[in-house]
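Here is how the chains run, residue by residue.
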Amino acid sequence: TTPSSLAPDYAQVSKEWNRDKRIANVIGNSISTSARIFQLPLVKFPESPPIFQQADYEHLRMYLHLPTGFFSYGGVKGRHDQWQSQLSQAPDQLFTEIALIGFDAVWIDNRGFEKTPNDYVLYAESEFGPSLISNENSPFSLYDIREFSIKIRRSMSIKLQEETRQRLLKST
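Quick summary incoming for the structure in this document.

Bringing the pairing of strand 4 (residues 140-144) into the picture now. In terms of burial, strand 4 is a largely internal element, four of the five residues being buried. Bridge count between strand 3 (residues 105-109) and strand 4: five bridges; the pairing is antiparallel. When the sheet's bridge partners are listed, Ile-108 is paired in strand 4 with Ser-141.

So, in structure tokens, the structure goes:
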């Protein structure tokens, strides 16, 4: 048998599971069950060391509850899909880039940053308002960027949009 000192806190695990299911319902109802969600912080896959308080594989949580969604995490290290390394670290530029690539929302695991609120949350809240899941007691923030994407696309020529996408998505 497992010693009690090593056993998980099943009540806490159940609470987090149920919270994550509610968040998946918010995504499905507010955005889409097939939403394209960009996840921050950027974490390499597989086997990445913890980033501050965010453990490895934490970005996989929503895959369990929203299997029809598309999430940015999970591109295998060293493969052609490591396009994320091309993205800006400046929040305003990063949100513009991911909007042009075609993401619907941004998911931020606040445990993966040294300070809370981090610069990405501060920018997102100034641009989009409160997180869609601010009523959940969770370390996550979620922002719908679809209207922002429309605004960005209207402000740029189609040629510049395509050049930007090609630059960002090229193999490294």
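Before going further, it helps to spend a moment on the sheet that holds strand 1 (residues 36-40). Taken together, four strands build an open sheet; the order of strands is 2-1-3-4 and the sheet is mixed. Every other strand in the sheet has two partners, leaving strand 2 (70-71) and strand 4 as the edge strands with one partner each. Against the sheet, helix 1 (residues 10-30) makes contact with strand 1, strand 3 and strand 4, and its axis sits at roughly 5 degrees relative to strand 4, the strand it touches most. Packing of helix 3 (residues 91-101) onto the sheet brings it into contact with strand 1 and strand 3, and relative to strand 1 it is tilted by some 150 degrees.

The complete set of buried residues in helix 4 (residues 119-128) reads Tyr-120, Val-121, Tyr-123 and Ala-124. Along the axis of helix 4, the buried residues cluster in a sector spanning 165 degrees; they form a single face. On its buried face, helix 4 sits against strand 1, helix 3, strand 3, strand 4 and helix 5 (146-155). A distance of 2.9 Å separates the backbone nitrogen of Tyr-120 from a side-chain oxygen at the start of helix 4, and that oxygen is part of Asn-118.

Two elements in contact, helix 3 and helix 6 (residues 158-169), have axes separated by 9 Å at closest approach and are oriented at 100 degrees. As far as their axial angle goes, helix 6 and helix 3 are roughly perpendicular. Taking contact as the criterion, the partners of Glu-97, Leu-100 and Ile-101 in helix 3 are, on helix 6, Gln-161, Thr-164, Arg-165, Arg-167, Leu-168 and Leu-169. Partitioning the contact of helix 3 with helix 6 into residue classes produces four nonpolar, two polar and three charged.

What counts, and where the lines are drawn
Residues numbered from 1 in each chain as written. Predicted model: local features only at pLDDT ≥ 70, side-chain atom pairs only at ≥ 80, totals over all residues. Heavy atoms only, no water. Buried < 20%, exposed > 50% of the residue type's maximum accessible area, 1.4 Å probe, protein only. Helix = DSSP H or I, 4+ residues; strand = E, 2+ residues; numbered from the N terminus. Pairing = 2+ DSSP bridges. Contact = heavy atoms within 4.5 Å. Axes fitted to C-alpha atoms, helices over the stretch in contact; angles between N-to-C directions. Arc of directions from axis to C-beta. Polar contact = N/O pair within 3.5 Å; in protein donor to acceptor, adjacent residues only side chain to side chain. Parallel < 35°, antiparallel > 145°, perpendicular 65-115°, else oblique. Nonpolar A, V, L, I, M, F, W, Y, C, P; charged D, E, K, R; others polar.

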